[in-house]
Amino acid sequence: MLVDKVISKILRSEKILLIVHENPDGDTLASASVVYQVLKRLGKEVAIVCKDPVPKPFLFLPEMDKIQNDMLFGDYELILVIDCGDSRRTGFDRRLKDFVRNKKSLINIDHHPKNDLHKIANINYVDQTASSTAEIIWELVERMQVDIDKNIATALFAGLYTDTGGFKHSNTTPKTLQIAAELMHHGARIKLITQNVSLNKTIPALKLWGVVLSRLSKHKELKIVSSVVTRKDLITCGATDDDIAGVVNLMNTIPDSKAAVLFYETEDDKIRASARTEDDHVDVARLAAVFGGGGHKKAAGFTIDGKIEITQDGWKIAFNNTSA
Ligand code: 5GP
Ligand code: MN
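In this text, all values refer to a predicted model and were calculated from it rather than measured experimentally.

### Some details on the packing of aromatic side chains
Following the criterion strictly, the structure yields 5 aromatic pairs and no others. A ring pair is formed by Tyr161 and Phe167, whose centres lie 6.0 Å apart and whose planes are at 80 degrees; its orientation type is edge-to-face. For Tyr161, a relative accessible area of 13% translates into the label buried. Centre to centre, the rings of Phe263 and Trp315 are 6.3 Å apart; their planes meet at 55 degrees, and the pair counts as tilted. Here the residue Phe263 occupies a position in strand β9 (residues 259–265), and Trp315 occupies one in strand β14 (residues 314–319), the gap between them amounting to 52 residues. Phe263 gets classed as buried once you look at its relative accessible area, which sits at 14%. Connected via pairs of aromatic rings, a cluster forms that spans Phe157, Tyr161 and Phe167. The side chain of Arg95 reaches across the aromatic face of Phe73, ending 4.4 Å from its centre.

What follows is the structure in structure tokens.
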């Protein structure tokens, strides 16, 4: 079985590096947290690297203080890339390729559709039917007969919870809920998770959501609802980038829409887009791929070069010449 190959590779390695994706979400961080805890118990030398800082709502997860923003990859024998979708999302694209070229091992642990990581990884421990990478990590932990304590249970539950939008999205399967129930038996602290992830909306965050909602528009033919956030909005509302997370899911509750897309200006002067759909006939990953991004059928993202302009009767996006 694939999982056994992964376990045997892990057991044969002493120095293991975990890589989570840029702009990390609950699933990638929770999954890395669990793997870190398990590997530490086995006495391994282990580190976690993430290009971007951990967003506030996920700081409650165990071991977040261990995450570093860079690392000498050459010091490690094995890299586990967790929930990354494609190699660019690691933020260490070239260095990963060098790592593999130097005959070191890389395992891709993920639940995204096939991507370029498949080509360079020694093992692709990938299950597209899994709600989350945490669900795959649960299988790994089970197979390794790890004693699931409260910390591991809480992190795994947090991964399931965040990637299913609190068990509301259609990626939630009977298996997801069965695992969630088992994790509750193991002491998963659900209140801590919901408090941090869903119920922590500050006044600046809600003001920002208000701005987003006030700018909603629906394309007549495409039936796509969209809105925007500018850097100026963040300043006006006193909000941070972390406060943007989640509002696209609220936009996605509008009936009769095919998809919801939120565009927001990033610190480095680009435009990030978050796309969601509830329509089984729409694949937002394909839409994202057109712009060099990717993701899942029902939740995807991409980045473009451009500026958001707020006009008298709404908003528009001015693409830079260099953009796709
Ligand atoms: P979000 O909108 O929450 O940033 O991302 C939604 C989903 O799309 C996540 O599963 C994430 O992995 C994926 N995704 C977001 N941005 C990108 C991107 O630029 N490239 C790829 N390949 N996937 C992305
Ligand atoms: Mn995920």
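### Notes on the site of ligand 1
Taken together, 14 residues are adjacent to ligand 1, and Asp86, Arg89, His112, Ser274 and Arg276 come closest. In the environment of ligand 1, an oxygen atom lies 2.5 Å from a nitrogen or oxygen atom belonging to the side chain of Ser274. In the model, an oxygen atom of ligand 1 is placed 2.9 Å from a nitrogen or oxygen of the Arg276 side chain. For ligand 1, whose unbound accessible area comes to 500 Å², protein coverage reaches 82%.

### Observations regarding the UniProt feature "domain: DDH" (unreviewed entry) in the protein chain
UniProt's entry tags residues 15–159 with the feature "domain: DDH" (unreviewed entry), counted in the numbering of this structure. Taken as a whole, residues 15–159 contains 34% helix and 19% strand, while its terminal C-alpha atoms sit 25 Å from one another.

### Concerning empty space enclosed by the protein
The tally for this structure, following the rule as stated, stands at 1 cavity of 30 Å³ or more. A volume near 30 Å³ is recorded for the largest cavity. Lining the largest cavity are Ile10, Val35, Val38, Leu39, Leu140, Val141 and Met144. Elements represented by at least two residues in the lining of the largest cavity include exactly α2 (26–41) and α5 (133–143). Of all the elements, α2 adds the most residues to the lining of the largest cavity, at 3 residues. Looking at the lining of the largest cavity residue by residue, the classes come out as 7 nonpolar, no polar and no charged.

### Some words on the UniProt feature "domain: DHHA1" (unreviewed entry) in the protein chain
UniProt records the feature "domain: DHHA1" (unreviewed entry) for residues 238–306 in the present numbering. The span residues 238–306 carries 17% helix and 32% strand; its end-to-end C-alpha distance comes to 23 Å.

### A word on α2
Across its 16 residues, α2 extends 23 Å between first and last C-alpha, which sits within 8% of the 22 Å expected from 1.5 Å per residue. Buried residues dominate α2, accounting for 14 of its 16 residues. Where α2 ends, the next residue or the one after it, Gly43, has phi of about 80 degrees, a positive value.

The rules we used
Residues numbered from 1 in each chain as written. Chains lettered and ligands numbered in written order. Predicted model: local features only at pLDDT ≥ 70, side-chain atom pairs only at ≥ 80, totals over all residues. Heavy atoms only, no water. Phe/Tyr/Trp six-rings, centres within 6.5 Å; stacked < 30°, edge-to-face > 60°. Buried < 20%, exposed > 50% of the residue type's maximum accessible area, 1.4 Å probe, protein only. Helix = DSSP H or I, 4+ residues; strand = E, 2+ residues; numbered from the N terminus. Lys NZ or Arg CZ within 6 Å of the ring centre and 35° of its normal. Near = heavy atom within 4 Å. Polar contact = N/O pair within 3.5 Å; in protein donor to acceptor, adjacent residues only side chain to side chain. Areas by Shrake-Rupley, 256 points an atom, 1.4 Å probe, with all protein chains shown as cover. UniProt positions renumbered as here; feature names shortened; annotations may be inferred. 1 Å grid on protein atoms, 1.4 Å probe; cavity = no way out; pocket = protein on both sides within 12 Å on 5 of 7 lines; lining within 4 Å. Points joined across faces, edges and corners; volume = space filled by probe spheres on them. Nonpolar A, V, L, I, M, F, W, Y, C, P; charged D, E, K, R; others polar. Expected span 1.5 Å × (residues − 1).

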